Amino acid sequence: MSISHAPPHPSAPDISPKTGSGPAPGPGPEIALELEALVPSSTRRTRVPRWLRRTSGPLALLALWQVLSVTGVLAGDVLASPGTVARVAGDLIENGSLQNAMGVSLQRVALGLLFGTVVGTALALVSGLFRIGEDLVDASVQMLRTVPFVGLIPLFIIWFGIGEAPKIAIITLGVSFPLYLNVYAGIRGVDAQLIEAGESLGLSRWGLVRHVILPGALPGAMTGLRYSLGISWLALVFAEQVNADAGLGFLMVQARDFLRTDVIVVCLVVYAFLGLTADFVVRTLERLLLQWRPTFTGR
């Protein structure tokens, strides 16, 4: 019996071992790969320090102001030059009048901000946590919010006289509304799923308010506080026009009567500096209280 071997298929690969005297193929040339760490463009730091970039705008504006004053485009009786303003500020600091005015104004702003924070936050809690509170409070607050608080100065003078009370009342009124709106929006903006999760864990109503609602409303409250600080300085300017005998507004009124633009600019710079310092304090407090909330910091 004979056994026939079929020829291999022409398309089948030849897997039979090769025999021959040629050298066996060795390994190929080694290729060294160097890996370079890729840095996203959003995280690359520029060589210019950030503090320098932040101060470049004000410095450029100050330089433009000086150039316009030197060239005569801005006359001294229209707007004093930066050098004149700096010299007058030194004189006011030397005789102590600027420090006394700042102390009086800071006291008024602190009291008005304290009372406004208490009133605005309390109304927002009542209106945001309870439906009946919203029905009773929100409509009245929204109506009063549309009334310019500066227009209430004559009424405050009639009600409280011409002492410190109407000045603090004006600041309190101006501070209350931004805090109310932001705290109320923060409370009503808490995710309903978080409320359901807290209820499923057995939290009581007070537990939900303490551990879920108030922390969720805290970012809005901090935003409202920053906005209220700006309003407080604006309200202070109007409040210190009401028969004031001390404060930055009193200095500005005296300077207006004597056409002293240099003193007016000094007071405006002090207002801006105090407002910027207060905003820095609130932003620092915000970073401390809201460490649990990752946010976008810009690119």
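Residues numbered from 1 in each chain as written. Predicted model: local features only at pLDDT ≥ 70, side-chain atom pairs only at ≥ 80, totals over all residues. Heavy atoms only, no water.

A word on unusual backbone geometry. Notably, Leu259 is not glycine yet its phi reads approximately 60°, a positive angle. As for its placement among the helices and strands, Leu259 is situated in the loop between α9 (248–257) and α10 (261–289). (Helix = DSSP H or I, 4+ residues; strand = E, 2+ residues; numbered from the N terminus.)

Here we come to the side chain of Ser228. Topologically, Ser228 is positioned in helix α8 (residues 205–239). Given the relative accessible area of 0%, Ser228 is considered buried. Within the local environment of Ser228, its side chain forms a polar contact with the backbone oxygen of Gly224, the two atoms lying 2.8 Å apart. Those residues in contact with Ser228 that lie beyond four places of it in its chain are Val175, Pro178 and Leu179. (Buried < 20%, exposed > 50% of the residue type's maximum accessible area, 1.4 Å probe, protein only. Polar contact = N/O pair within 3.5 Å; in protein donor to acceptor, adjacent residues only side chain to side chain. Contact = heavy atoms within 4.5 Å.)

With that out of the way, let us pick up the packing of aromatic side chains. Within the structure shown, the criterion is met by 5 aromatic pairs. A centroid spacing of 5.8 Å and a plane angle of 55° characterise the contact between Phe156 and Phe160, whose relative ring orientation is tilted. Here Phe156 and its partner Phe160 are both found in helix α5 (residues 153–160), 4 residues apart, which amounts to about one turn of the helix. Between Trp233 and Tyr271, the ring centres sit 6.4 Å apart and the planes meet at 65°, which makes this aromatic pair edge-to-face. Placement of Trp233 in helix α8 and of Tyr271 in helix α10 is noted, with a sequence separation of 38 residues between them. Put simply, the rings of Phe156, Trp159 and Phe160 pair up and form one aromatic cluster. (Phe/Tyr/Trp six-rings, centres within 6.5 Å; stacked < 30°, edge-to-face > 60°.)

The share of residues in the protein chain with pLDDT of 70 or more is 82%, and the mean pLDDT across the chain is 79. Mean pLDDT values over the elements of the protein chain span from 80, in helix α7 (residues 192–200), up to 90, in helix α3 (residues 97–129). Confidence drops under a pLDDT of 50 for residues 1–6, and excluding neighbours within four residues, the segment shows 0 contacts in the predicted structure. Ignoring residues within four places in sequence, the model shows residues 15–21, a span with pLDDT below 50, making 0 contacts including any to other chains. (pLDDT = per-residue confidence, 0-100.)

Mapped onto the elements of the fold, Ser105 is located in helix α3. A polar side-chain atom of Ser105 sits 2.7 Å from a polar atom in the side chain of Glu240. Within the structure, the side chain of Ser105 is placed 3.0 Å from the backbone nitrogen of Leu248, a separation counted as a polar contact. When residues no more than four places from it in sequence are discounted, the contact partners of Ser105 are Leu236, Glu240, Gly247 and Leu248.

Structurally, the position occupied by Arg108 is in helix α3. When its relative accessible area of 3% is taken as the criterion, Arg108 is described as buried. Here the alpha-carbon distance between Arg108 and Lys167, two residues 59 residues apart in the chain, equals 7.4 Å.

Scanning all chains against the criterion turns up 6 salt bridges. With a closest N to O distance of 3.6 Å, Asp257 and Arg256 form a salt bridge. A relative accessible area of 48% means that Arg256 is categorised as partly exposed. Ionic pairing is found between Arg260 and Asp262, a salt bridge with its closest N-O pair at 3.1 Å. The network of salt bridges with shared partners includes Arg108, Glu164 and Glu240. (Salt bridge = Lys/Arg side-chain N within 4 Å of Asp/Glu carboxyl O.)

Here we take up a positive patch on the surface. A surface patch of positive charge is lined by Arg50, Arg53, Arg54, Arg283 and Arg287. Among the elements that take part in the positive patch, helix α1 (residues 50–70) stands out by supplying 3 residues, more than any other. With respect to the helices and strands, Arg53 occurs in helix α1. (Patch = residues over 30% accessible without salt bridge, like charges linked within 9 Å, V, L, I, M, F, W, Y side chains within 5 Å. Areas by Shrake-Rupley, 256 points an atom, 1.4 Å probe, with all protein chains shown as cover. Lys, Arg positive; Asp, Glu negative; His and termini not counted. Charge placed at Lys NZ, Arg CZ, Asp CG, Glu CD.)

Residues Leu111, Leu114, Phe115 and Val118 make up a contiguous nonpolar surface patch of about 350 Å² in total accessible area. Its location among the elements puts Phe115 in helix α3. On the basis of relative accessibility, which here comes to 42%, the residue Phe115 falls in the partly exposed class.

A separate point is the environment of Leu106. You can see Leu106 is positioned in helix α3. The exposure class of Leu106 is partly exposed, given its relative accessible area of 36%. Separated by 142 residues in sequence, Leu106 and Leu248 have C-alpha atoms that sit 9.5 Å apart. In contact with Leu106, not counting residues within four places along its chain, are Trp233 and Leu274.

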